[in-house]
Amino acid sequence: MNKTNELLASEAPRRSLPPLSMLRAFEAVARHQSVTLAAAELHVTQGAVSHQVKALEHWLDAKLVQREGRRIVLTTAGAAYAPSLSTALDLMADATRSLQRRARRERITVSAFSTLATYWLIPRLADFCAENPAVDVDLSTNYARYDFDPAASDVSIRCYTSDELRSQLQRRDWRGVEAGRFLGETMTLVCSPALVTPTRPLAALDDIGQHAMLESRSTPTVWAEWLQAAGLDEAHWPRTRLSFDHVHLALNAALQGAGMALAPTSLLAELIAEGALRQPFPHIVVGPKDNYWIRAPRTQGNAAVAAFCAWLERCGLANMQAIAD
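Since the model is a prediction, treat every value here as computed from it, not as a measurement.

Enquirer: Any chance you could explain the nonpolar core here in plain terms?
Expert: Within soluble globular proteins, side chains that are nonpolar tend to cluster in buried spots. Trp120, Leu121, Phe308 and Leu312 are the most contacted members of the largest nonpolar core, which has 35 residues in total. Of all the elements in the fold, those that place two or more residues in this core are β3 (106-112), α6 (114-131), β5 (155-160), β6 (178-190), α9 (247-255), β9 (260-264) and α11 (303-324). A per-element tally of this core places α11 first, with seven residues. Not counting residues up to four positions away in its chain, the partners in contact with Leu121 are Leu116, Leu139, Ile157, Phe308, Trp311 and Leu312.

Listed below in structure tokens is the structure:
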């Protein structure tokens with residue numbers, strides 16, 4: 001501290017203030033005109049409030065309250081003191097709340113399908129956290145596609161056709177719900193390069209019957225739709241079938257060379273670019289559908305939720321540009 005600051009500090013008057021507990025007790029009594037109500041607000045006994053008020057009067061050497069029958073009334077000194085005291089306590093409370101808001105971390109809950117969460121969202125979450133260091137994300141994988149409460153999470157991520165989404169938004173329990181598209185999705189056949197051998201090729205559609213079909217119970221009709229789109233009759237369908245609960249499990253099995261899986265192309269760009277997966281028939285797809293962020297009316301005005309949805313849209317756009325390139 002330089003000499004000028006030292007001089008100013010030495011000349012600054014010291015604040016002579018009573019203990020805060022005394023001030024709070026008297027301010028509450030003055031505002032309620034009641035020791036009983038003041039005690040209830042402060043969560044202390046009536047005796048404690050009376051003791052604090054008397055201690056403040058002794059500290060100030062001034063009478064602040066008096067009884068008129070069963071009523072508590074302010075003296076002239078008390079009536080002059082109370083408004084300024086209330087203003088000062090309000091300012092202290094506002095400053096405290098402001099500091100707490102700045103210090104408090106935001107936490108948003110996000111619900112998504114496990115496949116999108118595993119292969120697309122989680123690898124990118126570190127970027128969101130870096131952009132929003134005061135926001136925590138609580139991610140859960142919820143498999144209810146249609147019959148779910150959009151208010152159960154701050155953000156829900158679901159995949160719909162435009163007609164399916166329109167139907168959802170017309171539901172009574174979806175009134176006021178907002179939704180935004182961020183990532184297109186089509187299903188294509190993928191497999192590990194290790195699956196294909198000279199004796200068991202996968203160059204033509206007729207070769208499909210030689211390999212195992214990896215099914216997902218969460219998408220029970222997608223294989224039938226793909227085989228129909230490929231124009232294959234049942235005689236050329238795969239004879240071996242392995243079934244899993246969810247797409248990401250079937251996809252993991254495909255990565256291990258266990259067979260062929262149908263998976264969303266938008267989630268696999270990096271795996272395909274790295275050579276971990278190949279697309280034998282990229283021109284045959286099922287879809288398209290779109291991934292949407294969904295937020296309930298209660299999240300309006302929540303800056304963290306808005307930032308997360310905007311970030312999803314930016315990531316989705318970058319993803320689609322990468323696929324196009």
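Enquirer: How should I be thinking about the environment of Thr115 in this particular structure?
Expert: Here Thr115 lies in helix α6. When its relative accessible area of 7% is taken as the criterion, Thr115 is described as buried. Expressed as a C-alpha distance, the spacing of Thr115 and His248, which sit 133 residues apart in the sequence, is 4.6 Å. The contacts of Thr115, once residues within four sequence positions are left out, are Trp120, Val247, His248 and Leu267.

Enquirer: Is there a simple way to think about the sheet that holds strand β10 (residues 285-295) in this case?
Expert: Strand pairing in a sheet relies on backbone hydrogen bonds, with the paired strands running either antiparallel or parallel. Reading across the sheet, the eight strands line up as β4-β3-β5-β10-β6-β9-β7-β8 and stay open at both edges, with mixed pairing between neighbours. A strand with exactly one partner marks an edge of an open sheet, and here the two such strands are β4 (135-141) and β8 (241-244). Here the strands of the sheet are splayed against their neighbours by 25° on average, with no regard to which way each runs. Where β6 lies against β10, nine bridges are found, and the strand directions are antiparallel. By the bridge assignment for β10, Ala179 is matched with Ile294. Contacts from α6 reach β3, β4, β5, β6 and β10, with the element oriented near 170° to β4.

Reading the values: the criteria
Residues numbered from 1 in each chain as written. Predicted model: local features only at pLDDT ≥ 70, side-chain atom pairs only at ≥ 80, totals over all residues. Heavy atoms only, no water. Core = buried A, V, L, I, M, F, W, Y, C linked by side-chain atoms within 4.5 Å. Buried < 20%, exposed > 50% of the residue type's maximum accessible area, 1.4 Å probe, protein only. Helix = DSSP H or I, 4+ residues; strand = E, 2+ residues; numbered from the N terminus. Contact = heavy atoms within 4.5 Å. Pairing = 2+ DSSP bridges. Axes fitted to C-alpha atoms, helices over the stretch in contact; angles between N-to-C directions.

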